[in-house]
Amino acid sequence: MNINSDSAAIRYPSGSAIIDQLKKAEVQFIVSVPDIVTSNGLLWPISEDPDFKLVRVCKEDEGVSICGAMSYNNTRALLLMQQTGLMDSLNAIRAIGMDYQLPVCMMVGLQGKEPERAAVDSDSYGVNIIEPVLQAMQISYKVIEQPEDVDTIADELSHAYQTSSTVILILGREPTK
Amino acid sequence: MRRDLALHVLKDCIGDEIVVAVYQTLFDWMAINPRDLNYVATGAMGQASSHGLGLALANPQRQVIVFDGDGSLLMNLGSLVSIANAAPENFHHLVFENGTYEVNGAHPIPGQGRVDFAGMAEAAGYRTVETFTDLNEFTLSAKQFLQSPGPAFAVLKIEPGEPYPRDYGYIHSADARQRFRKALQFANS
């Protein structure tokens, strides 16, 4: 196997295209704890983009509550975080997203995931449990890995607000800058 | 200072503000001042202050007042820093300190009597920080505190008063959330 040629064949989602989708979905607030997967391609550009208001929080469950509360007057927000923060926030998502049926929209970078594999096939326990955990909690999610996957983001977010439901967008590959 | 008497003082100061409250303070408040702009669905694990921050940022024209618990705030101490960093001027945070997890068996909170909530809020960067131990003093100062620019923080050293019923079914109900949503939309229209 030629590892170099395989690596070259891997395609990555565009950070700027993701940001365009967030704007298309009329997301005003980005709530975030930094994540190395999304730092360069998303969080740094968003922090410099006047179209967004960035709320930096100390812990991810704060962000679940902030996004849920904002939805009461239809203010659209996205919680940007790593899967470790997602795992730490499951009770908040259970209560505010699922029990209360509020549109909590999250984008989650999978730190430690091998780009050439599906998350469930990862060698990392912290990565390969993510989708099964979300399935067990009946939380809607969408995997964003290929560049063309990005095209669905605005529709996913709009659907979440229109149906007052929670959605998680899982970034399986690091967005390009 | 009895909690119910402190809440009666606050009732006289509050008009069309959003009030986010938790646990026994919430149950007492719902009995003393039932209103649809009471935000009652904060989930669990100390999230009231974060809900309040979201409401304050999304509704900058409206005052948001959080009635937090000491045990609740201990579960979400980082929110003090997040709130101070976001610095919403329309955010007022009152912690009703009784030193116990009152609705969970009245066990003492860690650091009961030693934790300095006002000191933590001040160190986090809240603009205004007050501590009230006496009802008369609070009666004289409550309105001024609520009119001060936020983020503002007050500790109320309280003891239980009249025991109002704990209606968990309502606070977690779809009806409660819908009533708040409608009231907010009407108030903002």
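Quick caveat: nothing in here was measured; it's all calculated off a predicted structure. (Residues numbered from 1 in each chain as written. Chains lettered and ligands numbered in written order. Predicted model: local features only at pLDDT ≥ 70, side-chain atom pairs only at ≥ 80, totals over all residues.)

J.: Explain the overall build of chain A here, please?
T.: Along chain A, the regular secondary structure elements total 9 helices and 6 strands. The C-alpha atoms of chain A give a radius of gyration of 15 Å, which matches the 16 Å a tight globule of 177 residues would have. Across its three principal directions, the C-alpha atoms of chain A cover 55 × 35 × 30 Å. Within chain A, the fraction of its 177 residues that count as buried is 47%. A separation threshold of at least 6 residues defines the contact pool for chain A, and within that pool the share at least 24 residues apart is 78%. (Helix = DSSP H or I, 4+ residues; strand = E, 2+ residues; numbered from the N terminus. Rg over C-alpha atoms; globule rule 2.2 N^0.38 Å. Buried ≥ 20, exposed ≤ 12 C-beta atoms within 10 Å, placed from the backbone. Contact = placed C-beta atoms within 7 Å.)

J.: Can you walk me through the interface of chain A and chain B in this structure?
T.: In many analyses, interface size is given as the accessible surface area lost on bringing the parts together. Contact residues are listed per partner, giving 23 residues for chain A and 27 residues for chain B. The dominant element in the side of chain A that touches chain B, judged by the number of residues it contributes, is helix H4 (residues 60–70) of chain A, at 8 residues. Residue composition of the side of chain A that touches chain B, by class: 13 nonpolar, 5 polar and 5 charged. (Nonpolar A, V, L, I, M, F, W, Y, C, P; charged D, E, K, R; others polar.)

J.: Help me understand the packing of H4 of chain A against helix H6 (residues 90–99) of chain A in this model?
T.: To characterise two packed helices, one gives the angle between the axes of the helices and the distance between these axes. All names here are of chain A. It is at 9 Å that the axes of H4 and H6 come closest, and there the two elements cross at 5°. Taken together, the axes of H4 and H6 are roughly parallel relative to one another. Across from Asp61, Val64, Ser65 and Gly68 in H4, the residues of H6 making contact are Ala92, Ile93, Ile96 and Gly97. Residues belonging to the contact of H4 with H6 are distributed by class as follows: 4 nonpolar, 3 polar and 1 charged. (Axes fitted to C-alpha atoms, helices over the stretch in contact; angles between N-to-C directions. Parallel < 35°, antiparallel > 145°, perpendicular 65-115°, else oblique.)

J.: It is not clear to me how the nonpolar core should be interpreted in this structure. Could you clarify?
T.: Inside soluble globular proteins, nonpolar side chains tend to come together where they are buried. Membership of the largest hydrophobic core comes to 109 residues, with the highest contact counts inside it found for Leu79 and Met106 of chain A together with Val20, Leu26, Phe67 and Leu156 of chain B. Considering every element that reaches this core, the biggest residue donor is helix H3 (residues 48–58) of chain B, with 6 residues. (Core = buried A, V, L, I, M, F, W, Y, C linked by C-beta atoms within 7 Å.)

J.: Just checking my understanding: could you explain the environment of Ala69 of chain A for this structure?
T.: Locating Ala69 of chain A in the fold gives a position in helix H4. Considered as a pair, Ala69 of chain A and Ile96 of chain A are 27 residues apart in the sequence and their alpha carbons are 9.0 Å apart. Residues contacting Ala69 of chain A, with those up to four places away along its chain left out, are His51, Gly54 and Leu55 of chain B.

J.: Help me understand the sheet that holds strand E3 (residues 77–82) of chain A, please; the structure alone is not making it clear to me.
T.: Paired through their backbone hydrogen bonds, the strands of a sheet run either parallel or antiparallel. Residue and element names in this part refer to chain A. Across the sheet, 6 strands lie side by side as E2-E1-E3-E4-E6-E5; this open sheet has parallel pairing. Taken across any chain shown, the strands that pair with only one partner, and hence form the sheet edges, are strand E2 (53–56) and strand E5 (140–144). Here the strands of the sheet are splayed against their neighbours by 20° on average, with no regard to which way each runs. In this sheet, strand E6 (residues 167–171) lies alongside strand E4 (residues 105–109) in parallel orientation, the contact comprising 5 bridges. Considered in E6, the bridge of Val108 is made with Ile170. Lying over the sheet, helix H9 (residues 153–163) contacts E4, E5 and E6, oriented at roughly 160° with respect to E6. (Pairing = 2+ DSSP bridges.)

Geometric descriptors of this kind do not, in isolation, establish any biological role.
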